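Listed below, chain by chain, are the residues.
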Amino acid sequence: REHAVRRQIRLPGSVEAKTSSLVASEVEGKVIGLLAREGQTVRKGQSLVELRKDHLEIELAAAEAELREAEARMKQAQQNLERSQELFDSQVLSLGQLDDARYEFDAWKGKTEQLGADIARTNLSIERSSVRAPFAGVVVAERIAALIDIDDLTESDRRLLAHGIVGVAEGACRHRMPGTRGLD
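Note that the coordinates shown come from a computational prediction; the quantities given were computed from them, not determined experimentally.

Trainee: Go over the sheet that holds strand β1 (residues 31-34) with me, naming the residues and quoting the values.
Mentor: Taking strand neighbours across the sheet as the criterion, the 3 strands line up as β1-β3-β4 in an open arrangement whose pairing is antiparallel. In this open sheet, the two strands that pair with only one neighbour each are β1 and β4 (130-132). Mean inter-strand twist for the sheet, computed between neighbouring axes without regard to direction, equals 20°.

Dropping the structure here:
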């Protein structure tokens with residue numbers, strides 16, 4: 001009986017992934033769920049990190065209510081503009097009064113467009129509050145950085161930070177105190 005002879009050679013080397021990506025959130029927020037851990041296999045589009053978004057949902061509801069009001073006021077301003085145009089054509093209303101009605105309609109139209117854009121931006125922020133895997137692969141490292149606001153520190157913590165007793169990672173502060181430096 002014949003067998004194939006396999007020759008083995010051991011050589012030093014390293015393996016590098018064909019594709020890798022540093023994944024980060026596009027929006028600022030508090031991490032409420034770390035859904036993939038180091039060494040875990042993930043699918044493309046799988047949620048890796050969830051950020052707090054209840055404040056965005058409240059903001060969205062408020063903007064939607066404000067939009068409904070603005071649309072109603074725009075409809076009312078449009079009817080007023082149409083009536084004003086008729087009265088102007090009948091020479092009962094002055095050009096200035098017609099212009100006022102036109103400006104009122106234009107203002108509400110602009111307000112509805114602005115609110116529509118605000119709603120779209122808030123929806124996008126809600127969507128981006130879930131950090132997703134850009135491709136299927138393995139999580140090789142977890143790096144979650146805390147962002148602190150110097151304004152939220154107590155006076156005692158500020159003194160410790162200023163004297164280098166408390167360290168803060170580079171880029172982790174919204175404000176830099178005079179005489180302080182970040183730590184790597």
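We are not done yet, so read on.
Trainee: Can you lay out helix α1 (residues 54-89) for me, pointing to particular residues and giving the numbers?
Mentor: Between its terminal C-alpha atoms α1 stretches 52 Å, which fits the 52 Å expected from 36 residues at 1.5 Å a residue. Buried residues along α1 sit in contact with α2 (95-127). Once α1 finishes, Gln-91 follows within two positions and takes phi at roughly 60°, a positive value.

Trainee: Hey, could you go over the environment of Lys-111 for me, with residue numbers and the actual values?
Mentor: Following the sequence through the fold, Lys-111 ends up in helix α2. Each residue touching Lys-111, except ones within four places of it in the same chain, is listed here: Glu-66 and Ala-70.

Trainee: So what's going on with unusual backbone geometry? Which residues, and what values?
Mentor: Even without being glycine, Gln-91 reaches a positive phi, approximately 60°. Along the chain, Gln-91 falls in the loop between α1 and α2. With relative accessibility at 74%, the residue Gln-91 sits in the exposed group.

Trainee: Residues and numbers for the side chain of Ser-84, please.
Mentor: By secondary structure assignment, the location of Ser-84 is in helix α1. The class for Ser-84 is buried, based on a relative accessible area of 8%. In contact with Ser-84, other than residues within four places in its own chain, are Leu-93, Leu-98 and Ala-101.

Trainee: Explain the pattern of salt bridges to me, and be specific about the residues and the numbers.
Mentor: Taken as a whole and assessed by the stated rule, the structure comprises 6 salt bridges. A salt bridge links Arg-102 to Asp-99, with the nearest nitrogen and oxygen atoms 3.2 Å apart. Placement of both Arg-102 and Asp-99 in helix α2 is noted, with a separation of 3 residues, approximately one turn of the helix.

How each quantity is defined
- Along each chain, residues carry numbers from 1 onward, in the same order as the chain's sequence is written.
- Since the coordinates come from a predicted model, pLDDT governs what is reported: local features require at least 70, and pairs of side-chain atoms require 80 or more to be given and counted, while whole-chain, interface and lining totals use all residues.
- As a convention, hydrogens and water are excluded, and side-chain values are obtained from all of the structure's heavy atoms.
- Pairing between strands requires that DSSP locate at least two bridges from one strand to the other.
- By the criteria applied, helices consist of DSSP H or I runs no shorter than four residues and strands consist of E runs no shorter than two, each listed in order from the N terminus.
- Lines are fitted to the C-alpha atoms to define the axes, a helix being fitted only along its stretch in contact, and any angle between axes, read from their N-to-C directions, falls within 0 to 180 degrees.
- Helix span, expected: 1.5 Å multiplied by one less than the number of residues in the helix.
- Any two residues whose heavy atoms approach within 4.5 Å are treated as being in contact.
- With a 1.4 Å probe rolled over the protein chains alone, any residue whose accessible area is under 20% of its type maximum counts as buried; one over 50% counts as exposed, and the rest are partly exposed.
- Within this document, salt bridges are pairs made up of a side-chain nitrogen of Lys or Arg and a carboxyl oxygen of Asp or Glu, the two lying within 4 Å of each other.

By themselves, these figures tell us nothing about what the structure is for.
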